[in-house]
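Coordinates in review
Here is how the chains run, residue by residue.
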Amino acid sequence: QVSSVQNPTVDDTVTGAVRVQNGGNFGGADVNLEIIETPEGSSGSSLNTTLLTTDQNGQAGFNFTAGDTTGDYVVNVSIDGVNGGVNVTYTAQPGSIAGVNVTPIENAIAGDSAETGVAALFVNSTDANGNRVTGSSPTVQITAENAGISNIEVDNDFGNSVTSNGVDSEGI
């Protein structure tokens, strides 16, 4: 039996626990731990040990550290001589926002001095490892200097529209 799984943020360490029972608590059991799956391109995931020995109550604890990439990390927990084992999945979440990227979408700027111009931008927030932080609402300031505009309208990923009657618009 494995304790309930906490889903860490990338590069974060969480504590896990196993409990071995064979009709009752099984103290002195050797339990093997192995990371058997990580997200593509990730690095840095680790266990503080690969071999545990349960206490008199059949329990033992370990630390798992998620790597630098969001996604599923799978740890296999097994006992020598017992078929299979148990796979425990930790789903690493992105860390706190460390940056906001604003990228113009290629060929998405239209208009000239005689008509309304439209610029499409892709805005996303990332953690320190470059993982996209979803559900965030970064603020971006858009400035159109010397363009003679009277307002800027912004639509964000959440379906919200923000209109400003000045040159600057915030609220993506």
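Along each chain, numbering runs from 1 in the same order as the chain's sequence is written. Per-residue local features of the predicted model are confined to residues with pLDDT of at least 70, and side-chain atom pairs are confined, for both listing and counting, to 80 or more; whole-chain, interface and lining totals are unaffected and use all residues. Each side-chain value is derived from all of the structure's non-hydrogen atoms; neither hydrogens nor water enter the calculation.

Let us now look at the sheet that holds strand β5 (residues 59-65). Taken in spatial order, the three strands line up as β1-β5-β3 in an open sheet, and their pairing is antiparallel. Edge positions in the sheet fall to β1 (13-19) and β3 (46-47), since each of these pairs with one other strand and no more. When DSSP finds two or more bridges between a pair of strands, those strands are recorded as paired. By the criteria applied, helices consist of DSSP H or I runs no shorter than four residues and strands consist of E runs no shorter than two, each listed in order from the N terminus. Here β1 pairs with β5 via seven bridges, running antiparallel. In the sheet register, Val14 faces β5, and the bridge partner there is Phe64.

With that settled, the discussion passes to the confidence of the model for the protein. For every residue, the predictor states its confidence as a pLDDT score lying anywhere from 0 to 100. Model confidence for the protein is summarised by a mean pLDDT of 78, while 67% of its residues fall at 70 or above. Here strand β11 (residues 161-164) stands out as the least confident element of the protein, with mean pLDDT 45; β3 is the most confident, with 96. In what follows, a contact means two residues having at least one pair of non-hydrogen atoms within 4.5 Å. Here residues 158-172 is modelled with pLDDT under 50, and outside its nearest four sequence neighbours on either side it reaches 53 contacts, counting other chains as well.

Let's shift gears to the environment of Thr65. Assignment of secondary structure puts Thr65 in strand β5. Only protein chains enter the accessibility calculation, which uses a 1.4 Å probe. A residue is then buried if its area is under 20% of the maximum for its type, exposed if over 50%, and partly exposed in between. When its relative accessible area of 17% is taken as the criterion, Thr65 is described as buried. Each C-alpha atom, one on Thr65 and one on Asn48, is 8.2 Å from the other, the two residues being 17 residues apart in sequence. Once residues lying within four places of it in the same chain are set aside, the contact partners of Thr65 are Asp11, Asp12, Thr13, Gly44, Ser45 and Ser46. Side chain to side chain, Thr65 and Thr13 meet in a polar contact 2.6 Å long. Any pair of N or O atoms that falls within 3.5 Å is considered a polar contact. Within protein, one atom must be able to donate a hydrogen and the other to accept it, and sequence-neighbouring residues count only if both atoms are side-chain atoms.

Stacked, tilted and edge-to-face are the three classes assigned to paired rings of Phe, Tyr and Trp, where Trp is represented by its six-membered ring and a pair needs centres within 6.5 Å; plane angles under 30 degrees give stacked, over 60 edge-to-face, the rest tilted. By the definition in use, this model includes two aromatic pairs. Where Phe64 meets Tyr90, the ring centres are 4.5 Å apart and the plane angle is 15°; that geometry is what we call stacked. With Phe64 in strand β5 and Tyr90 in strand β7 (residues 86-92), this pair connects stretches of sequence that are 26 residues apart. Each member of the pair, Phe64 as well as Tyr90, is classed as buried. Every member of this aromatic cluster is reached through a ring pair, and the members are Phe64, Tyr73 and Tyr90.

Turning next to the sheet that holds strand β2 (residues 30-37). Read from one edge of the open sheet, four strands run β4-β2-β6-β7, paired in antiparallel fashion. The open sheet has two edge strands, β4 (51-53) and β7, and neither has a second partner. The mean angle between the axes of side-by-side strands here comes to 25°, regardless of whether they run parallel or antiparallel. In this structure, β2 lies alongside strand β6 (residues 71-78), joined through five bridges in antiparallel fashion. The residue of β6 that forms the bridge with Glu34 is Asn76. A fitted line through C-alpha atoms serves as each axis, taken over the contacting stretch for helices, and the angle formed by two N-to-C directions is quoted from 0 to 180°.

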